[in-house]
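The chain contents come next:
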Amino acid sequence: MPKLIATHEVDDVAHWLSSPKRAEVFGSVAKDICTFVDPSNPNRVGLSMEVGDMDAFQAIMTSDAGAAAMKYDGVRPETLVVLVAS
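Residues numbered from 1 in each chain as written. Predicted model: local features only at pLDDT ≥ 70, side-chain atom pairs only at ≥ 80, totals over all residues. Heavy atoms only, no water.

## Some thoughts on the sheet that holds strand β2 (residues 30-37)
Strands sit in the order β2-β3-β1-β4 across an open sheet of four strands; the sheet is antiparallel. Bordering the open sheet on either side are β2 and β4 (75-84), each of which pairs with just one other strand. If you compare each strand with its neighbour and ignore which way they point, the axes differ by 20° on average. With six bridges joining them, strand β1 (residues 3-10) and β4 adopt antiparallel strand pairing. Within the sheet, the bridge partner assigned to T7 lies in β4 and is V81. (Pairing = 2+ DSSP bridges. Helix = DSSP H or I, 4+ residues; strand = E, 2+ residues; numbered from the N terminus. Axes fitted to C-alpha atoms, helices over the stretch in contact; angles between N-to-C directions.)

Below you can see the structure in the form of structure tokens.
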């Protein structure tokens, strides 16, 4: 099961941290989801997660539900970087 790290900027860190959208959207394809906040950049956050099915993960990332979750969470999509453990 690959481990991923995703970083991006958000409009409101407190809102992003308290959002239920991560579990709603990624719960079917990921486990052990952890959140991170960059102490030197108040709008940069990150996630780590273990993904069981990378194709399903990519489908969610490009779906309308994925886009709606990012919008709800205040994610700035142009700043998104996803890294896969090798």
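## Some details on empty space enclosed by the protein
Tallied over the entire structure, the rule returns one cavity of 30 Å³ or more. Considered as a void within the structure, the largest cavity measures approximately 230 Å³ in volume. Contributing to the lining of the largest cavity are 19 residues, with H8, F26, L47, M61 and M70 lying nearest its centre. Put simply, the parts of the chain that give the lining of the largest cavity at least two residues each are β1, α2 (21-26), β3 (44-51), α3 (54-61), α4 (64-73) and β4. When its residues are assigned to classes, the lining of the largest cavity shows 14 nonpolar, two polar and three charged. (1 Å grid on protein atoms, 1.4 Å probe; cavity = no way out; pocket = protein on both sides within 12 Å on 5 of 7 lines; lining within 4 Å. Points joined across faces, edges and corners; volume = space filled by probe spheres on them. Nonpolar A, V, L, I, M, F, W, Y, C, P; charged D, E, K, R; others polar.)

## A closer look at a nonpolar patch on the surface
A grouping of I5, V81 and L83 is seen on the molecular surface, where their side chains present a nonpolar patch of about 250 Å² in accessible area. On the basis of relative accessibility, which here comes to 43%, the residue I5 falls in the partly exposed class. (Patch = residues over 30% accessible without salt bridge, like charges linked within 9 Å, V, L, I, M, F, W, Y side chains within 5 Å. Areas by Shrake-Rupley, 256 points an atom, 1.4 Å probe, with all protein chains shown as cover. Salt bridge = Lys/Arg side-chain N within 4 Å of Asp/Glu carboxyl O. Buried < 20%, exposed > 50% of the residue type's maximum accessible area, 1.4 Å probe, protein only.)

## Considerations on the pattern of salt bridges
Summed over all chains, the structure comprises five salt bridges. The residue R76 makes a salt bridge to E9 at a minimum N-O spacing of 3.1 Å. With R76 in strand β4 and E9 in strand β1, the pair connects residues that are 67 residues apart, well separated along the chain. Classification of R76 by relative accessible area gives partly exposed; the value is 25%. Across the pair R76 and D11 runs a salt bridge whose closest N-O atoms are separated by 3.0 Å.

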